[in-house]
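If you want the building blocks of each chain, they are given just below.
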Amino acid sequence: EDKVVQSPLSLVVHEGDTVTLNCSYEVTNFRSLLWYKQEKKAPTFLFMLTSSGIEKKSGRLSSILDKKELFSILNITATQTGDSAVYLCAGQIQGAQKLVFGQGTRLTINP
Amino acid sequence: DVKVTQSSRYLVKRTGEKVFLECVQDMDHENMFWYRQDPGLGLRLIYFSYDVKMKEKGDIPEGYSVSREKKERFSLILESASTNQTSMYLCASGEGSDTQYFGPGTRLTVL
């Protein structure tokens with residue numbers, strides 16, 4: 001059975017801290033790993049990672065995939081209160097658009 | 001910008017009622033998906049569709065059915081709502097190996 005596991009499930013830090021969110025996966029016919037940010041409503045897309053070892057960056061957010069060890073991390077540096085959200089990772093199956101989601105990490109940034 | 005809309009943000013129904021949740025996308029995407037999101041469980045796939053009049057079961061289809069009569073519209077039907085179907089329902093659409101784009105969600109409460 002395909003499975004994606006995120007850790008920690010919940011994290012509370014102070015503004016300005018750096019955080020690392022983890023995602024491990026066991027997905028048959030794995031194609032790519034996706035990260036989403038979910039505030040009060042729709043998840044919004046952050047990154048899609050297909051190749052191992054290549055970091056993707058967007059401002060203070062970055063992510064990398066390790067296809068040998070079957071995990072990905074999402075880093076957020078100099079956190080701000082607006083980064084408070086649930087962060088979701090999902091494994092995409094080859095040849096289809098079907099996604100398998102992890103439980104999500106609820107990140108809270110305190111001022 | 002991709003736009004995915006859902007018919008209601010909040011819905012309250014009684015046990016045994018028939019419930020329709022509608023989703024419309026404006027990007028001519030082939031693929032559409034229905035998920036439910038529950039605390040600690042992440043997003044779980046209920047049904048998906050790769051084409052008009054085509055549907056496939058996801059991981060938790062029991063108690064649900066779907067309809068896709070037009071490319072832009074994908075409906076989720078609860079034939080006889082039960083209290084364990086109280087949840088956040090998210091619709092998504094996408095194409096090829098691209099990311100999925102999510103609607104704002106419908107929070108359904110079944111009393």
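Refer to the structure above for everything that follows.
Because the structure is a prediction, the values reported are computed rather than measured.

What counts and what doesn't
- Residues numbered from 1 in each chain as written.
- Chains lettered and ligands numbered in written order.
- Predicted model: local features only at pLDDT ≥ 70, side-chain atom pairs only at ≥ 80, totals over all residues.
- Heavy atoms only, no water.
- Disulfide = S-S within 2.5 Å.
- Helix = DSSP H or I, 4+ residues; strand = E, 2+ residues; numbered from the N terminus.
- Buried < 20%, exposed > 50% of the residue type's maximum accessible area, 1.4 Å probe, protein only.
- 1 Å grid on protein atoms, 1.4 Å probe; cavity = no way out; pocket = protein on both sides within 12 Å on 5 of 7 lines; lining within 4 Å.
- Points joined across faces, edges and corners; volume = space filled by probe spheres on them.
- Nonpolar A, V, L, I, M, F, W, Y, C, P; charged D, E, K, R; others polar.
- Pairing = 2+ DSSP bridges.
- Axes fitted to C-alpha atoms, helices over the stretch in contact; angles between N-to-C directions.
- Contact = heavy atoms within 4.5 Å.
- Buried area = accessible area lost by both parts, 1.4 Å probe.
- Salt bridge = Lys/Arg side-chain N within 4 Å of Asp/Glu carboxyl O.
- Polar contact = N/O pair within 3.5 Å; in protein donor to acceptor, adjacent residues only side chain to side chain.
- Core = buried A, V, L, I, M, F, W, Y, C linked by side-chain atoms within 4.5 Å.

Caption draft 1: Region of the structure containing the state of the cysteines. Here the structure, examined in full by the defined rule, presents 2 disulfides over all chains. Between C23 of chain A and C89 of chain A runs a disulfide, and the two sulfur atoms are separated by 1.8 Å. The S-S bond linking C23 of chain A to C89 of chain A shows a torsion near 70°; that makes this disulfide right-handed. Placement of the pair is C23 of chain A in strand β3 (residues 19-26) and C89 of chain A in strand β9 (residues 85-93), with a sequence separation of 66 residues. An identical accessibility class is assigned to C23 of chain A and C89 of chain A; each is buried. The disulfide bridge from C23 of chain B ends at C91 of chain B, spanning 1.8 Å between sulfur atoms. Taking the sign of the S-S torsion, about -75° here, the bridge from C23 of chain B to C91 of chain B comes out left-handed. With a gap of 68 residues between them, C23 of chain B in strand β3 (residues 19-25) and C91 of chain B in strand β9 (residues 87-94) connect regions that are remote in the sequence. Accessibility classification places C23 of chain B together with C91 of chain B in one group, the buried group.

Caption draft 2: Inspection of the layout of surface pockets at higher detail. In this structure, the largest pocket occupies an estimated 610 Å³ of space. Along its surface, the largest pocket is lined by 24 residues, and Q38, V86 and R106 of chain A together with Q37 and R107 of chain B are the ones closest to its centre. Counting only elements with at least two residues in the lining of the largest pocket, the list comes to β9 and β11 (105-110) of chain A together with β4 (31-38) of chain B. Across the lining of the largest pocket, the residue classes tally to 8 nonpolar, 9 polar and 7 charged. If you add up the space inside the second largest pocket, you get close to 380 Å³.

Caption draft 3: Spotlight on the sheet that holds strand β8 (residues 73-78) of chain B. All names here are of chain B. Taken together, 4 strands build an open sheet; the order of strands is β1-β3-β8-β7 and the sheet is antiparallel. For this open sheet the edge positions go to β1 (4-6) and β7 (65-70), each flanked by a neighbour on one side alone. With strand direction ignored, the average angle separating the axes of adjacent strands in the sheet is 20°. Examined bridge by bridge, β7 and β8 share 4 bridges and lie antiparallel to one another. Counted as the bridge partner of S65 is I77 from β8.

Caption draft 4: Fine view of the interface of chain B and chain A. Listed by partner, the interface residues are 24 residues for chain B and 18 residues for chain A. Of the roughly 1,600 Å² buried between chain B and chain A, counting both surfaces, carbon and sulfur atoms make up 55%. Looking at the side of chain B facing chain A, the largest losses of area belong to S97, T99 and F102 of chain B, adding up to 28% of the total buried there. Where chain B meets chain A, there are 1 salt bridge. Note that D59 of chain B is salt-bridged to K98 of chain A, the shortest N-O span being 3.9 Å. For the pair chain B and chain A, the number of links is 3 residue pairs in polar contact (both at pLDDT 80 or more). When residues of the side of chain B that touches chain A are traced back to their parent elements, those giving at least two are β4, β5 (42-49), β9 and β10 (100-102) of chain B. Its residues assigned to classes, the side of chain B that touches chain A shows 10 nonpolar, 10 polar and 4 charged.

Caption draft 5: Spatial organisation of the side chain of N31 of chain B. Following the sequence through the fold, N31 of chain B ends up in strand β4. Residue classification places N31 of chain B among the buried positions, given a relative accessible area of 8%. Every residue in contact with N31 of chain B, bar those within four places of it in the chain, is listed here: Q97 of chain A together with S49, Y50, R68, A92, S93, G94, E95 and G96 of chain B.

Caption draft 6: Molecular detail of the nonpolar core. Within the largest apolar cluster, 23 residues are counted, with the highest numbers of intra-cluster contacts made by V4, Y25, L33, W35, Y87 and L107 of chain A. Looking at this core, the elements that each hand over two or more residues are β3, β4 (30-38), β5 (44-49), β7 (61-66), β8 (71-76), β9 and β11 of chain A.

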